[in-house]
Amino acid sequence: MHRSIPTIFFLVFFATAFSQTMDRLPCVDKKFSVVAHIFLDSLGAPGVTEAQINQAFADASADFSPICISFEVCEFIYHPEFEYNIHNDQLQWDELQVLYHQQNRINVFYVNTIVEPSGACGYAGLGQIENLESSGIVIQKTPDCCGGRTHSHELGHYFNLEHTFEGSGIELADGSNCETAGDGICDTPADPYVHPSPMANYVDGCTFIFMGQDANGDYYDPIVGNIMSYYPDECGCGFTHGQLKKMALYYLDNIGMW
């Protein structure tokens with residue numbers, strides 16, 4: 001005896017299939033070549049090893065793997081100009097680009113100290129993956145900065161992600177204005193952190209303890225482990241689906257550049 005399948009089954013099946021298709025992450029399918037520029041100190045010491053840098057990019061490749069992006073250092077270049085080891089972006093960035101930038105590569109400059117922007121382990125221009133002429137990333141050579149998630153964090157900026165606590169306007173804790181405020185990504189909850197406030201005001205270890213409220217009187221519940229937050233590296237667990245999608249689409253929309 002033939003039994004008909006209820007119409008509601010088809011509706012649920014196709015709605016689920018459609019949703020899964022719409023939410024599927026794009027695949028960039030590209031390995032990016034990196035040039036590691038290492039500035040030697042006044043005694044000729046590099047201050048960082050090739051093994052440390054290779055491991056950092058292996059870790060970053062794992063973080064970017066859901067959108068089929070990986071990174072490989074194709075060249076290590078040691079620069080004897082030790083004056084660049086104390087880095088000030090306002091005074092030296094343009095010079096670095098003229099002297100050392102290589103086209104069609106991700107240029108990463110390793111320095112002993114970053115004095116400006118103050119307190120930074122590294123920095124990268126927002127969305128500068130599209131800039132072939134003068135772009136790159138600066139990383140401080142200390143173990144805390146060369147390890148952890150600093151490379152993934154700065155690559156996130158390079159692929160057009162903002163900090164979870166910055167962006168356009170103040171995002172509400174209930175996410176009702178998530179498309180137009182904060183970082184503009186709705187699966188990164190509102191983050192109340194204000195730089196350079198003491199981290200102890202916000203987290204105890206990896207537990208969020210901040211009791212401030214938003215304009216509606218709601219409490220915040222950010223993802224402490226988000227790579228684009230400023231919370232401790234040991235809490236880091238990755239990018240969200242929305243962040244990965246934004247990065248992939250940003251690159252694919254500019255596919256002619258590399």
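What you are looking at is a predicted structure, and each value in this text was computed from that prediction instead of being measured. (Residues numbered from 1 in each chain as written. Predicted model: local features only at pLDDT ≥ 70, side-chain atom pairs only at ≥ 80, totals over all residues. Heavy atoms only, no water.)

Chemist: Can you explain the overall build of the protein chain? Please cite residues and give values.
Modeler: Per the secondary structure count, the protein chain includes six helices and nine strands. Taken along the three principal axes of its C-alpha coordinates, the protein chain extends 85 × 45 × 30 Å. Within the protein chain, the fraction of its 258 residues that count as buried is 44%. The long-range fraction of contacts in the protein chain, counting pairs at least 24 apart against all pairs at least 6 apart in sequence, stands at 69%. Surface accessibility of the protein chain: about 13200 Å² in total, with carbon and sulfur atoms responsible for 54%. Considering the protein chain, the positive charge centre built from 9 side chains and the negative charge centre built from 33 side chains are found 15 Å apart. (Helix = DSSP H or I, 4+ residues; strand = E, 2+ residues; numbered from the N terminus. Buried < 20%, exposed > 50% of the residue type's maximum accessible area, 1.4 Å probe, protein only. Contact = heavy atoms within 4.5 Å. Areas by Shrake-Rupley, 256 points an atom, 1.4 Å probe, with all protein chains shown as cover. Lys, Arg positive; Asp, Glu negative; His and termini not counted. Charge placed at Lys NZ, Arg CZ, Asp CG, Glu CD.)

Chemist: An account of the packing of helix α2 (residues 50-64) against helix α5 (residues 150-158) is needed here, citing residue identities and associated values.
Modeler: Packed helices, taken two at a time, are described by the angle between their axes plus the distance between the axes. The N-to-C vectors of α2 and α5 enclose an angle of 55°; their axes lie 8 Å apart at closest approach. It follows that α2 is oblique to α5 by the angle criterion. The two elements α2 and α5 cross, and the hand of that crossing is right-handed. Taking contact as the criterion, the partners of Ala56, Phe57, Asp59, Ala60, Asp63 and Phe64 in α2 are, on α5, His151, Ser152, Leu155 and Gly156. A class-by-class count of the residues in the contact of α2 with α5 yields five nonpolar, three polar and two charged. (Axes fitted to C-alpha atoms, helices over the stretch in contact; angles between N-to-C directions. Parallel < 35°, antiparallel > 145°, perpendicular 65-115°, else oblique. Left-handed = near helix turned anticlockwise from the far one by under 90°. Nonpolar A, V, L, I, M, F, W, Y, C, P; charged D, E, K, R; others polar.)

Chemist: Describe in detail the side chain of glutamine 92, supporting the description with residues and values.
Modeler: Mapping glutamine 92 onto the fold places it in helix α3 (residues 89-100). On the basis of relative accessible area, glutamine 92 is assigned to the buried category, the value being 12%. Here the side chain of glutamine 92 touches isoleucine 86 through a polar contact of 3.2 Å, landing on its backbone oxygen. When neighbours within four sequence positions are excluded, glutamine 92 is seen to be in contact with Glu83, Tyr84, Ile86 and His87. (Polar contact = N/O pair within 3.5 Å; in protein donor to acceptor, adjacent residues only side chain to side chain.)

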